[in-house]
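The residues making up each chain are set out below.
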Amino acid sequence: MDCIQAQELISTALDREPVDPQALAEAKSHCRECADCVRFVRGLAALQRAIPPEPPAELANAAAKRAREVVDPEREAAAQAAAAAAEAAVVAEAAAGEQPAEAAAATAPLPAVEITAQDVRPKIAPRRRTGAIIGWAAAAAVLVLFGAWAAVAGVRAIFAPREAGAPQTAQTERSVPLQPGTGDTATEGGATAPQAQQKGEESAGPQYVDFDGTVYRFQSETGESSATAQRIGTALTSLDGGSAATSRDVYGSRGGEMILIANDAGVMLSFAPVTRQYGGVTYRLRSTAIPAFGVWPALPQNVAQPTAADGSPTFVVEADEGGVTVYRLAGSSAREGIAVGPGSPQSDPAAGNPNWTWWTP
Amino acid sequence: MRDREASARLAEAARDGDEAAFETLVREHTPAVWAHAMRFFGDSSAAEDVVQEVWIHVYRGLPQFQGGAAFSTWLFRVTRNVCVDMLRSGSRRPVPVDAFERDVPVPDESGAVDLSASVERAIRALAPEDRDAFGAVALFGLTYAEAAESLGVPAGTVKSRVFRARRAIAASLDDQAGGA
Ligand SMILES: [Zn+2]
């Protein structure tokens, strides 16, 4: 065993990573006799004794207080905005309602904003003071004791007999990555049942965000870093179905079409545009704001809401493609954009959406 | 810092609205966040901003916390990202290593002052990737596998970087260790 091998084994054991006990015994034996390695071990012992920089005494309490001051109002505002949007949607629905009431009740899921009201409600319960606040002095005492123990236990432990083969169970647990929302349940066409959301369950709607009015669907976590990606704008999204929407930086991906957004855990998430093919052209789904996962895309502000189930007076039928009726704006061409009504089949990119959707080339 | 399971339970309690649990979590983990920020920026004012920003991110993200042993991994990622973002935005710049000494804390144990200052100087002089790996493991208590996942490199690379960091620090401390 050479010096580097011996020292690396000592270093690995110090991190409580699994090492071969026989090899560690050899490394220790080597490091007791080799002058270079004796110096390495002496340096490690000094490193263990050193005390890392300590924060000012009141910083932690101040930081906790400040975090609540910043985030609690965000949550309350989001809940209020969602409630207000739900009310507005109910009013708009009543005003627009030309569909026979029983037909609407039988076929139409709740409007998207109503789903929002269910899902945007903060999951953090009202705070409760337990009175069990541990004083800073006590915490500091624990830290000092831990530090003292670490200095004694760290390097010396490695050189003590019988410790080499200690089981590593607590240290080898796999971490659980923080997923956006409730997992990638929005598969084909985001076709998860809005009814589940009406019952107030976890958001099962599509994991969509909007960026510059275009709708993107969550794809996966990526290993990309914001340090290397190109920032191209911001998107307002909670990146889940339950917390307040915040403005987040959007990065372009190397592929070009995809966008990247970092979640609160700092993990970069990739999103792909939601598209459909019509007449040999790719159309992208456009929408009003989508502040949370589970919110269905709706017609952008500049496209009037039809008042009838046949799309009138806004739309006229353009074509019937594979069981999906494609509409265009009355007095315009499909090159300006196409629309699809609620209730498109499972295979369609707009499946499950209770709203009219708008797509542009 | 308490053991990992206790931290995860605290984070779950904080997620479920226990205010005292959140405060305890912040108190117990702020030293690691602070030390990482000090080693990154070498400046206590920047480190205060980092600590503040990290806990805002964590509190905001708590509803997404899924429990388990992931809290330290998450905290390390957030801390690292906050530091990198502050650097990228130009709001904070690292203080050169020479000027860093004035901001090194002063532990009360006699003889420990010089040693701690030397350690911090040596850590700040490390290559950033070695310092990150060393911090993930030594400050935040991550396993090599967890650090690897956070840093986007293989676990073997984490092991090498931590070892390289220790060798460099140990070499610079050897003289002091002889007299201590
Ligand atoms: Zn040797």
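Please read all numbers here as calculations on a predicted model, not as lab measurements. (Residues numbered from 1 in each chain as written. Chains lettered and ligands numbered in written order. Predicted model: local features only at pLDDT ≥ 70, side-chain atom pairs only at ≥ 80, totals over all residues. Heavy atoms only, no water.)

As a further point, take the coordination of the zinc ion. Residue and element names in this part refer to chain A. Surrounding the zinc ion are the protein donor atoms Cys3 (SG), His30 (NE2), Cys34 (SG) and Cys37 (SG), at 2.1 to 2.3 Å. For the zinc ion, the 4 donor atoms are set out with angles of 100 to 115 degrees between them, so the coordination reads as tetrahedral. Between consecutive donor residues of the zinc ion, the sequence gaps follow C-x26-H-x3-C-x2-C. Comparing His30 with Cys37 shows no difference in burial state: the two are buried. (Donors = N, O, S within 2.8 Å, 3.2 Å for Na, K, Ca; no water. Tetrahedral: all angles 85-135°; square planar, octahedral: opposite > 155°, others 65-115°. Buried < 20%, exposed > 50% of the residue type's maximum accessible area, 1.4 Å probe, protein only.)

This part is about the packing of helix H1 (residues 3–14) of chain A against helix H3 (residues 35–49) of chain A. Residue and element names in this part refer to chain A. Here H1 crosses H3 at 20 degrees, and the two axes come no closer than 10 Å. What the angle tells us is that H1 and H3 run roughly parallel. Crossing geometry of H1 relative to H3 is assigned as right-handed. From H1, Cys3, Gln7, Ile10 and Leu14 reach across to H3, where they touch Asp36, Cys37, Phe40, Leu44 and Gln48. Among the residues making up the contact of H1 with H3, the classes are represented as 6 nonpolar, 2 polar and 1 charged. (Axes fitted to C-alpha atoms, helices over the stretch in contact; angles between N-to-C directions. Helix = DSSP H or I, 4+ residues; strand = E, 2+ residues; numbered from the N terminus. Parallel < 35°, antiparallel > 145°, perpendicular 65-115°, else oblique. Left-handed = near helix turned anticlockwise from the far one by under 90°. Contact = heavy atoms within 4.5 Å. Nonpolar A, V, L, I, M, F, W, Y, C, P; charged D, E, K, R; others polar.)

Before going further, it helps to examine the environment of Gly17(B). Residue and element names in this part refer to chain B. With respect to the secondary-structure elements, Gly17 resides in the loop between helix H1 (4–15) and helix H2 (19–41). For Gly17, a relative accessible area of 2% puts it in the buried group. Linking Gly17 and Pro63, residues 46 residues apart in sequence, is a C-alpha distance of 9.7 Å.

Here we come to the pattern of salt bridges. Throughout the structure, instances matching the rule amount to 21 salt bridges over all chains. Notably, a salt bridge pairs Glu23(B) with Arg68(A), separated by 3.2 Å at the nearest N-O pair. Here the residue Glu23(B) occupies a position in helix H2, and Arg68(A) occupies one in helix H4 (residues 59–96), the pair thus bridging two chains. We note that Glu23(B), like Arg68(A), is buried. Ionic pairing is found between Asp16(B) and Arg15(B), a salt bridge with its closest N-O pair at 3.2 Å. A residue is classified by how much of its surface remains accessible, and Asp16(B), at 41% relative accessible area, is partly exposed. (Salt bridge = Lys/Arg side-chain N within 4 Å of Asp/Glu carboxyl O.)

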